[in-house]
Amino acid sequence: MPSESVLIRLASIAVHAEELLAPDQPTGKVRVGLTKIKNDRRRTMEDLLVLLADPEVRGYLTEMERLGMLQPNG
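A short tour of the structure in this document, coming up. Please read all numbers here as calculations on a predicted model, not as lab measurements.

## Quick word on the pattern of salt bridges
- Summed over the entire model, instances satisfying the criterion amount to 5 salt bridges.
- In this structure, the salt-bridge partner of Asp 40 is Arg 43, at a minimum N-O distance of 2.6 Å. On the criterion of helical spacing, the pair formed by Asp 40 and Arg 43 is a turn pair, its members being 3 residues apart in helix α2 (residues 34–53).
- Linked by salt bridges that have partners in common, Arg 9, Asp 54 and Glu 56 make up one network.

## Structural notes on the nonpolar core
- Judged by nonpolar contacts, Ile 13, Leu 20, Leu 48, Leu 51 and Val 57 together constitute the single largest core of 5 residues.
- Once you skip the residues sitting within four places of it in the chain, Leu 48 turns out to touch Ile 13, His 16, Ala 17 and Leu 20.

## Some details on the environment of Arg 42
- Topologically, Arg 42 is positioned in helix α2.
- Given the relative accessible area of 40%, Arg 42 is considered partly exposed.
- Residues Arg 42 and Leu 20 lie 22 residues apart in sequence; the distance between their C-alpha atoms is 9.0 Å.

## Quick word on the packing of helix α1 (residues 4–21) against α2
- Between α1 and α2, the least distance of the axes is 9 Å, while the angle of their chain directions is 150°. When the axis of α1 is compared with that of α2, the two are roughly antiparallel. You can see that α1 and α2 cross each other, and the crossing is left-handed. Taken together, the residues of α2 that come into contact with α1 (itself represented by Arg 9, Ser 12, Ile 13, His 16, Ala 17, Glu 19 and Leu 20) are Arg 41, Thr 44, Met 45, Asp 47, Leu 48, Leu 51 and Leu 52.
- Of the residues that constitute the contact of α1 with α2, the class distribution is 7 nonpolar, 3 polar and 4 charged.

## Some thoughts on α1
- The end-to-end C-alpha separation of α1 is 26 Å, in line with the 26 Å expected for 18 residues at 1.5 Å each.
- Where α1 is concerned, the buried positions are Val 6, Ile 13, His 16 and Leu 20. All buried residues of α1 project into a common sector of 85° when viewed along the axis, lining one side. Opposite its buried face, α1 presents the exposed residues Glu 4 and Glu 18, each directed more than 90 degrees away.

## A word on helix α3 (residues 55–66)
- When the terminal C-alpha atoms of α3 are compared, their 16 Å separation across 12 residues agrees well with the 16 Å that a helix rising 1.5 Å per residue should span.
- Its side-chain oxygen placed 2.9 Å from the backbone nitrogen of Glu 56, Asp 54 serves as the N-cap of α3.
- Once α3 finishes, Gly 68 follows within two positions and takes phi at roughly 80°, a positive value.

Criteria and thresholds
- Residues numbered from 1 in each chain as written.
- Predicted model: local features only at pLDDT ≥ 70, side-chain atom pairs only at ≥ 80, totals over all residues.
- Heavy atoms only, no water.
- Salt bridge = Lys/Arg side-chain N within 4 Å of Asp/Glu carboxyl O.
- Helix = DSSP H or I, 4+ residues; strand = E, 2+ residues; numbered from the N terminus.
- Core = buried A, V, L, I, M, F, W, Y, C linked by side-chain atoms within 4.5 Å.
- Buried < 20%, exposed > 50% of the residue type's maximum accessible area, 1.4 Å probe, protein only.
- Contact = heavy atoms within 4.5 Å.
- Axes fitted to C-alpha atoms, helices over the stretch in contact; angles between N-to-C directions.
- Parallel < 35°, antiparallel > 145°, perpendicular 65-115°, else oblique.
- Left-handed = near helix turned anticlockwise from the far one by under 90°.
- Nonpolar A, V, L, I, M, F, W, Y, C, P; charged D, E, K, R; others polar.
- Expected span 1.5 Å × (residues − 1).
- Arc of directions from axis to C-beta.
- Polar contact = N/O pair within 3.5 Å; in protein donor to acceptor, adjacent residues only side chain to side chain.

Bear in mind that shape data such as this cannot, by itself, settle questions of function.
If you want it as structure tokens, here you go:
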């Protein structure tokens with residue numbers, strides 16, 4: 001079983017991935033420039049990469065791969 005901290009990080013990864021895959025339209029009605037959208041996506045990607053590099057998360061994902069529950073990258 002993954003630790004609570006790993007589950008929280010995995011949930012954060014899912015939220016950040018959803019943000020990256022969302023259309024380039026802000027959810028509010030306020031007009032937002034293209035530069036702001038690009039900067040927001042860059043920050044989201046940086047946050048996602050930090051979470052994916054977490055040793056606890058990497059260890060859990062490696063174990064899931066070993067058990068055949070995830071497809072290896074490639």
